[in-house]
Structure formats: C-alpha cells, structure tokens
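Structure at a glance
This is what each chain is made of:
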Amino acid sequence: MTTAQPLVEIRGLRTHFFTESGVARAVDNVSLDIRRGEVLGLVGESGSGKSVTALSILRLIPDPPGRIVGGEILYQGRDLLKLPLEEVRKIRGSGISMVFQEPMTSLNPVFTIGMQLTEVILAHEVCSREEARQRSVAMLAEVGIPDAESRMAQYPHHLSGGMRQRVVIAMALLLNPSLVIADEPTTALDVTIQAQILDLMLQLKAKRDGAAILLITHDLAVVAETCDRVAVMYGGKIQEVAPVEELFRNPMHPYTRGLIGSIPSAIGTKDRRLTVIPGSIPDIYDLPAGCKFETRCGDRFEPCAETEPSLIEMSPGHLVRCHLHTC
Amino acid sequence: MLMTDTILDVRHLTVRFPVFGGVFMRRTAEVRAVDDVSFTLRRGETLGLVGESGCGKTTVGRALINILRAMSYDVEVSGQALYHHPSGVVNLAGLSQSAMRPFRSDIQMIFQDPYSSLNPRKTVAQIVGEPLRIHTKGTVAERADRVRWLLEKVGLSPDQAERYPHEFSGGQRQRIGIARALATNPKIIIADEPVSALDVSIQAQVVNLMQDLQEEFGLSYIFIAHDLSVVRHISDRIAVMYLGHLVEMGSADDIYTRPLHPYSRALLAAAPRANPSARERRERLPGDVPSPMHKPSGCAFRTRCSIARSDCAEAVPPRTSRQGRDVACPYSE
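Rules behind the numbers
Residues numbered from 1 in each chain as written. Chains lettered and ligands numbered in written order. Predicted model: local features only at pLDDT ≥ 70, side-chain atom pairs only at ≥ 80, totals over all residues. Helix = DSSP H or I, 4+ residues; strand = E, 2+ residues; numbered from the N terminus. Rg over C-alpha atoms; globule rule 2.2 N^0.38 Å. Buried ≥ 20, exposed ≤ 12 C-beta atoms within 10 Å, placed from the backbone. Contact = placed C-beta atoms within 7 Å. Nonpolar A, V, L, I, M, F, W, Y, C, P; charged D, E, K, R; others polar. Pairing = 2+ DSSP bridges. Axes fitted to C-alpha atoms, helices over the stretch in contact; angles between N-to-C directions. Parallel < 35°, antiparallel > 145°, perpendicular 65-115°, else oblique. Left-handed = near helix turned anticlockwise from the far one by under 90°. Core = buried A, V, L, I, M, F, W, Y, C linked by C-beta atoms within 7 Å. Expected span 1.5 Å × (residues − 1). pLDDT = per-residue confidence, 0-100.

Time to look at the overall build of chain A. Scanning chain A from terminus to terminus reveals 12 helices and 12 strands. In terms of overall dimensions, chain A is globule-like: its C-alpha atoms have a radius of gyration of 21 Å, near the 20 Å expected for 327 residues. Counting over 327 residues, chain A shows a buried share of 50%. A fraction of 63% describes how many contacts in chain A between residues 6 or more apart in sequence connect residues 24 or more apart.

Moving on: the overall build of chain B. When its secondary structure is counted, chain B shows nine helices and 12 strands. Its C-alpha atoms give chain B a radius of gyration of 21 Å, within 12% of the compact-globule value 20 Å for 333 residues. In terms of overall dimensions, chain B has a C-alpha envelope of 65 × 55 × 50 Å along the principal axes. Residues counted as buried form 44% of the 333 residues belonging to chain B. The contacts in chain B between residues at least 6 apart in sequence include a share of 64% that link residues at least 24 apart.

Accessible area lost upon the coming together of the parts is a frequently used measure of interface size. Each side of the interface is counted separately: chain A has 36 residues, and chain B has 37 residues. At the level of elements, α8 (191-207), α9 (220-226), α10 (244-249) and α11 (254-261) of chain A are the ones that each hand at least two residues to the side of chain A that touches chain B. Taken together, the residues of the side of chain A that touches chain B sort by class into 16 nonpolar, 13 polar and seven charged.

Right, let's get into the pairing of strand β7 (residues 179-183) of chain A. All names here are of chain A. Extensive coverage of β7 is indicated by the burial of five of its five residues. Here β7 shows a buried face lined by L179, I181 and D183 and a second buried face lined by V180 and A182. Summarising the sheet, β7 and strand β8 (residues 212-217) pair through five bridges and their orientation is parallel. Directly across from I181, in β8, lies its bridge partner L214.

What links the strands of a sheet is backbone hydrogen bonding, and the strands pair in either a parallel or an antiparallel sense. Residue and element names in this part refer to chain A. Reading across the sheet, the eight strands line up as β6-β7-β8-β3-β9-β10-β12-β11 and stay open at both edges, with mixed pairing between neighbours. Every other strand in the sheet has two partners, leaving β6 (96-99) and β11 (312-315) as the edge strands with one partner each. Each strand axis lies, on average, 20 degrees off the axis of its neighbour in the sheet, ignoring direction. Bridge analysis of strand β10 (residues 237-243) against strand β12 (residues 318-320) gives two bridges, and the strand direction is antiparallel.

Here the focus is unusual backbone geometry. Only a minority of non-glycine residues have a phi that is not negative, and only a minority of peptide bonds are not trans. Residue and element names in this part refer to chain A. Here the bond from D63 into P64 is cis, since omega is -10 degrees, no more than 30 degrees from zero. Topologically, P64 is positioned in the loop between α1 (50-57) and β4 (66-75). In this structure, P65 follows P64 across a cis peptide bond, with omega equal to 5 degrees. Topologically, P65 is positioned in the loop between α1 and β4. One non-glycine residue, D147, lies in positive phi territory at about 55 degrees. Position of D147 among the secondary structure elements: in the loop between α5 (129-142) and α6 (148-151). Residue classification places D147 among the exposed residues on the basis of 10 C-beta atoms within 10 Å. Non-glycine residue E184 carries a positive phi angle of around 50 degrees. Looking at the element boundaries, E184 is found in the loop between β7 and α8.

All names here are of chain B. One can find V195 in the loop between β7 (188-192) and α6 (200-217). The class of V195 is buried, set by 27 C-beta atoms lying within 10 Å. With residues near it in sequence (within four places) discarded, V195 still touches Q203, V206, V207 and V230.

Residue and element names in this part refer to chain A. α8 packs onto helix α7 (residues 161-173) with a crossing angle of 15 degrees between their chain directions and a minimal axis gap of 10 Å. On the basis of their axis angle, the class for α7 and α8 is roughly parallel. Seen along the crossing, α7 lies across α8 with a hand that is right-handed. Across the interface between the two elements, G161, G162, Q165, R166, I169 and L173 of α7 pack against I193, Q196, I197, L200, M201 and L204 of α8. Residues belonging to the contact of α7 with α8 are distributed by class as follows: seven nonpolar, four polar and one charged.

Time to look at the packing of helix α5 (residues 170-182) of chain B against α6(B). Residue and element names in this part refer to chain B. Packing of α5 against α6 leaves a shortest axis separation of 10 Å and a crossing angle of 20 degrees. What the angle tells us is that α5 and α6 run roughly parallel. By crossing handedness, the relation of α5 to α6 is classed as right-handed. Across the interface between the two elements, G170, G171, Q174, R175, I178 and L182 of α5 pack against I202, Q205, V206, L209 and L213 of α6. Looking at the contact of α5 with α6, its residues break down into six nonpolar, four polar and one charged.

All names here are of chain B. The sheet built from four strands is open, its strands ordered β2-β1-β4-β5 with antiparallel pairing. In this open sheet, the two edge strands, each paired with only one partner strand, are β2 (26-42) and β5 (88-91). Taking each pair of neighbouring strands and ignoring which way they run, the sheet shows an average axis angle of 10 degrees. Note: strand β4 (residues 76-85) against β5, four bridges, orientation antiparallel.

A:A170, A:L214 and B:F223 are the most contacted members of the largest nonpolar core, which totals 190 residues. Ranked by residue count, the leading element in this core is α7(A), at eight residues. Not counting the four nearest positions on each side in its chain, A:L214 is found in contact with A:I34, A:L40, A:L42, A:A54, A:L179 and A:I181.

Right, let's get into α5(A). Residue and element names in this part refer to chain A. Taking 1.5 Å per residue as the helical rise, α5 with its 14 residues ought to reach 20 Å, and the 20 Å between its terminal C-alpha atoms agrees with that figure. Buried residues along α5 sit in contact with α4 (113-124), α6 and α7. Directly beyond the C-terminal end of α5, a positive phi value near 85 degrees is found at G144.

The predicted coordinates should not be examined in detail at positions where pLDDT is low. Averaged over every residue, the pLDDT of chain B is 89; the share at 70 or more is 97%. With a pTM of 0.87, the predicted complex shows an ipTM of 0.83.

Okay, here's the thing in structure tokens:
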C-alpha cells in the first residue's frame, strides 16, 4: 500500500536558533504529513515558524545560529535529518525543490536564464549539454514563457517579476520532483500576476501524477483558493490541521477563528467591524509556557497559562491544539 | 459661509517624470506617471485608490502632498487641487510657500512602512510632537499633554512616550505614525498602503482604529492600497487606476458587485477569495503591465483587454457617467 504512505512525514521537528538574546524555539515539536498529490497550506504570521519548518525539510537552516535539535523527516523511507549532506543535495531539486518569495534573489543576476536552467540538469544527471538545453527550453514553454528559445540567452533583469517567478518555477520542476515547497511564491507580485502564477502551479501539479505542493503563506484567501489541506502555525507549533473547507466552515482554534474573522470579506462593508486578535505576536525568546496563544486569546481559562494542550484529532483529519476542546 | 459636501476637488492632475539620456544627458522623454486624473473627496468619506504597481496611485498621493509643500524639483506636477476651506475654495496648486502655510497642517500622510517612516533617533514624544512644534503655538507642557492624549487615542500607553521606535512592534509603530498624522488636527489624511506591511491579525486592528478615528474626528481619507479586500472594507467610494489613468470611479458596492471597466473586472476577478467552497475558474488577465515609458496609444489597457477594438488605439477614451459611476471605456456594458 504505497499510496496510503505519506510523501513526507515530519515527526517532532525542533529547530532552534542560538543567539546572543537567547534561544529562539522557532519550530518546536512539529509533526506533519505531506500526502502524495495534495496541496498542503502552511499558514502563519511572521515568526510563526512556517518558513523555518520548510527550510528544515531541505536542511537549509543556517548553522550557526540555527540548528535542528530533534525530530525526524522521513522521505522515501529515509530520515533526511540523518543523511549526509551530499545525499541531501541530491534530493534537493530532483526529489524536493523550492520556490522562494522574491524571484530576483533566487536567480543569479550575472548568468543567463539558459545557463541557470541547464546547470540544474547537468548537476544532477548525466546528459549532454544540448539535451539539457532542449529540456530547459521545453520547460520554459511549459511554464508559459513566450518565445522560450530566445529567453534562454537573456538575464534575469530582462524579465518582469511575474516572468521571473515563472523561470524559478521552471527551474524547480526541471527534474520532476515529487514535492515543491513554495514559500510565499506570490507575495511580491501584483494581484493579476499572482492569479496567473497560482493557476500555473496548480495546472503543472495536475499534470504530474502524485506530485505535491507545500504552500507557505500568510494569506488565507490564497489558501482558500488553492489548498486541499491546511496547517495553521503559531509560536513554533502546529495549532490546527484540517481539510480546507472544514477549516473555513468550522475553525476550532481561537487563533484560527481570529485569523478568519480578521479578513475583510468581499461582502463586508464599512459598517461591519473586523474581528481583532488583541495584542501583538509574542517575543520568540520569551514564549508563554503553556499555550503559545494564551496571551492573546479571548477564551483562555485556568490550564492555558501552565500546560500546553496537545494536538488532538477532533474529527477525521481535523486536529486542534486547544484546552477548550479537551476539558 | 457655505459648507459643501466636497472637501477636495482634484482636477486634471498630471505628474511627469523627465527621462534623461544620450551623451549630454539631455531630456529625451518623459513618463506620465499620473495622466489627467480628476476626482473629488467628500467630507468624512474614504476614497479608496486601487491598482497594481506602476499605476500611479502612490504618485497621486505624493503629488497632493508635493503641491502642499509647493516644491517640484524636476518632477512636473500640473492640474488643480481645490481645497474647500471654511474661508472659501483655494487652489492649493497655485499658492506660494507662505500662502500655503495655513492649509498645510490640514492634510497629513500615513506611510506604508512603519519601520522606515519613523526617525530611529527620536523618542515617540519627539516624533508625535514635531508637527505640533512646527504648526501650533502651544507651550512645551501643552504639547506634552497633547502628545499623551494622541497616544491614548491611537491605543498606546502615554507612558511609552519616552521610548524609541525600535522598542515597538510593527503594528504599534503604525499607531505612532497615525498619532503623528493626527497631531495637527488634519481634515484630510492620505494613507499610502498603511496596513500592507503588517501581519493579518494586526492589519485588522489598524483598519478598525482608522475607522474609529474617522468617525470621532470627521476625517476624510484617501486610502491607497493594492489589497482589494481591505479597500472594499474601508472605502465609501473607489477609484481604479491603470498606467496613470483613472479608469473607473464609483461607490464601493457598485465597483465590487458590478465593475464596468474591463480592467476593474479583471482586477477583481484576480483577487483571491477566502471561501474554499466557492472556487471557480475566473477570467484571467493575460500578460504584464506595459512599461509606462512605452504606454500604448489611446486606451492604455487595450493591449490586455478582451473587448478592445481597432479604434481603442486612437484616443484616450473620455470618462463618462454610466450606471452611477464614471467609466473610461465606451464599449463596456
């Protein structure tokens, strides 16, 4: 039964940063499955640990100051955290690849688009330069870049932001990875371009059997439009996991409820007040001992400050970390 | 003395940036970042200004402030900005520095980035007190009182007045920026992407605060933003811009439920909706925004428009009133 086996299993991942100000528990005991063929959304605000979780999967945490201090990440029966770095490097790109927020910084400004694409192939596979070039051109055409052949000779600054992000996506897909991690892939783009890029990512995924996307974003509307399942992070912990429709219909964690309430809706008018999560995001060096959301939660009661609730499955596939649902 | 409904009447605002090139760095071309934009702002209302990067929405806001400061440098601003002051209608664009003085404190600005718009070397009391020092005659003690009152109004503790900006979170810094804008008792506030740098949960706090202050002080807002849902939420009327042109303007409800201009339609269709049960394939705008240096002739949107005809290339379509709003497209229905 290989289909039931998740593509990636994150078990008890803990990534901490050791700095002069103290230890930042950016990711603290995160467990999450990424299933074959799904689009999994990882949602949270700045400092929630969503990007650090993603970087940990590919062992891209800058060390020092960061270090993965515990847990395992199982991919194709192997623990990525125990593999030697050369092995991880082989998986990067061919098994799991990444698309970052800012396409200008993930492309090298002094090399042509063509050189950067073919290099990805040549670094991982034995094949001729000409074959690598042809595959790159085909990939550029597939991500919707007009006149792909002549674009190969151009430099990143010749392209618009949306076109650059298409090149980055082409690069991420060149080796047919089974998982693409997209970290805020459309945050730097305009709305109409964002819609183009999200459509493109879903189309390309549909053409690749079993391929999954881990979409990291702060934008719940983007999640609602693209994801199958959602995991909500806050204070370095997963707070709620649910299928996307279930999460929007029946959010169980007070933080998720607050987040959904704070989105100005398309029907909302001036007379409606936005639901507000009071206060600000807690200091990463000084997180609450119990529930991480306790300091801002309107529903807190006795156990919240002292004991951290555990992540409990309330209905099939809907997990929540909150004392309201355990007591 | 006649108090009209209108507080600011902007007519034919055009902003040109010269482009220099060649061996002698002569002026070779110009970019019209804002091209013949007219709108009115009513008392106590919020006018949302939306569009994508490069559409000129920020430049409109800056131009109004620039007119106010009566400075031009090499940017050329033309047009009229008629300010309906209790003493009569004044064209701010035609005033000298000294003639401008009494009106300058009436229009204030809130900026996007709460990290770079506050001087890191000054305390909150100095930052918020600065416009008071310049525009009012009060004593030091009176100013300090007013600063404490302002901080309370924006939801900060007056005890924090002696702290520096870096000691505050992004949302709190934006509150400081708002307190500074409020200091001189302005009538109009131009807010340029005031919440887009903030986290979602903090965004809602600042939006609510701006609405409360508007109600309490009868402020008129020009709210510039790219996030369509935030604009919809806060605005009474909305103006949509594309490549320097104002293509449609009307009530927020009209524009969001029945956009007429093909660009407004495409823009709204592209905005993601926070409702996973209502996913649908929507019309997508092809291609990129053209460079403002090489703006298409006639209607600037025609190169990406699904209903463009051959005569769209000939002249910029005039704005006409239809179905309760102004639209710059003769062919949309």
